[in-house]
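Residues per chain, in single letters:
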Amino acid sequence: MSKTIKVNNKQKVVIVPCSGIGKTYGTVSREAAYEVVENVRPDQTHLVALSLLVLGDESSRESVAQNPAVTIDGCKLACATKMVEESGGTVVKDFAVLDVYRKHREFKPKGIAELNEGGIKLAAVLAEEVAEVVDNLDNNTQIDSGTEGGSNG
Amino acid sequence: MTEYLETTVDKFIFRVAKDCYYNSEGVWAKMEGNQVKIGLSDFVQQRSGDVAFAEIQPEGTQVNFEDEVAVIETIKVDIGFSSPVSGRILKVNPAMEDAPEIINEDPYGEGWLAAIEPDDWESDRQRLFDPDQYFSRMKVEAEEEVAKGHE
C-alpha cells in the first residue's frame, strides 16, 4: 500500500538505529545516530530506540507514525527498518552500515562497548550521510513511500 | 537443478548441495566441463555473517590443495579459506569485486568464488568429503555453534 506523508517545519526526522547490543556494526549504527541527533543535526532530528518500538511503547510508535524516519541497520535482517514499517512509520531512507563500510574500507570498525578509531570515523561518515538525507527533506516535501506500514499510530 | 540435503538447527536452516564435494573448512568444489568451480557452503556463509569484502587469488595463480585461495571479511570475522583442488585459477567471479554479498545470497550458485583448471581432480576429489559426509560434519558443527550461543 502506498503512503504519502507531508513533512512540515514542525516535524523532526526520527532516527532509528539498530539495537544489536554486542555487535560491532550495531554499535556503529547507534554511534552514528547519536552523532546525528546530538551534534550534526540536533534541531532537525530526534532518536527513537528500536527496543521501545519492539516493546510497543505508545509515544515511540506515535513518533515514527507521524514523522519521517531514517533507519540505520547493522545487518541484513534490517530490524530497524522492519520495525518502523510495522509501527506505521514511513522510512524515507534506510542505511546499512555494511554498505557505508564498503565505500570506506579504510575505516574498519572493531570493538563493541567501545569502538576503535575506524569505527568512530565510520560512524561519523555515516552520520554525515544521514544529515544529507535530513537536509534534503525540505519543508512541506511530499514523500511517497511504498511501505506497507499500517495506519496504526 | 541442484538438489540439497537440509537440516534445521535451532532457528537456522542449512543446506548442502548434493552435486559438490567439500573440504573440512566447508569450501565446496564442483566439476563443470574441464574446470572446477569453488565456493563456500551455506553453513559457512551463515556462520561467517554478511560478507563485506572477498579477496580471491588472482587469475593465473597456481594453487595447491590446501593453499589459501580466498580471504573473506565479514561483519564478524576475517577468514582465509583453503583450496579444495590443485590447479590454475582460470577465472575469479567478477561479482566478488562489486557485490560479494552474493556469497550470502546464493552460496552454491551465483556466489561461486573461482573456477580452477585442475591438475588432478580425481586425486583431489578423493581427499574431499562427499555431500553426505559433509552434511554429517556440518550438523555437528552447527549444533556446537548453537550450543555455544546458548551458553
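In this text, all values refer to a predicted model and were calculated from it rather than measured experimentally. (Residues numbered from 1 in each chain as written. Chains lettered and ligands numbered in written order. Predicted model: local features only at pLDDT ≥ 70, side-chain atom pairs only at ≥ 80, totals over all residues.)

## Section: the interface of chain A and chain B
Every contact between the two is made by 7 residues of chain A and, on the other side, 4 residues of chain B. Of the residues forming the side of chain A that touches chain B, the biggest block, 3 residues, is contributed by helix α5 (residues 97–103) of chain A. The class makeup of the residues in the side of chain A that touches chain B is 4 nonpolar, no polar and 3 charged. (Contact = placed C-beta atoms within 7 Å. Helix = DSSP H or I, 4+ residues; strand = E, 2+ residues; numbered from the N terminus. Nonpolar A, V, L, I, M, F, W, Y, C, P; charged D, E, K, R; others polar.)

## Quick notes on the pairing of strand β1 (residues 4–9) of chain B
Residue and element names in this part refer to chain B. Both β1 and strand β2 (residues 12–17) contribute to a ladder of 6 bridges, which runs antiparallel. Note that in β2 the partner of V9 across the bridge is F12. Remark: 2 residues form the turn of the hairpin made by β1 and β2, two consecutive strands paired antiparallel; D10 in that turn has positive phi of roughly 55°. (Pairing = 2+ DSSP bridges.)

## Thoughts on the confidence of the model for chain A
Mean pLDDT over chain A works out to 87, with 83% of the residues at or above the 70 mark. Low pLDDT, under 50, characterises residues 145–153 of chain A; the stretch is placed with 25 contacts to residues that sit more than four places away or in other chains. (pLDDT = per-residue confidence, 0-100.)

## Description of the sheet that holds strand β8 (residues 68–74) of chain B
Residue and element names in this part refer to chain B. Strand order in the open sheet formed by 3 strands is β6-β8-β9, and the pairing between neighbours is antiparallel. Each edge of the sheet is formed by a strand with only one pairing partner; in this case those strands are β6 (51–56) and β9 (78–82). In this sheet, adjacent strand axes meet at a mean angle of 20° when their direction is disregarded. (Axes fitted to C-alpha atoms, helices over the stretch in contact; angles between N-to-C directions.)

## Focus: unusual backbone geometry
Phi at A78(A) is positive, roughly 50°, even though this residue is not glycine. When you line up the elements, A78(A) lands in the loop between β4 (68–73) and α4 (79–86). Located in the positive-phi region is E66(B), a residue other than glycine, with phi close to 80°. Looking at the secondary structure, you find E66(B) in the loop between β7 (62–63) and β8.

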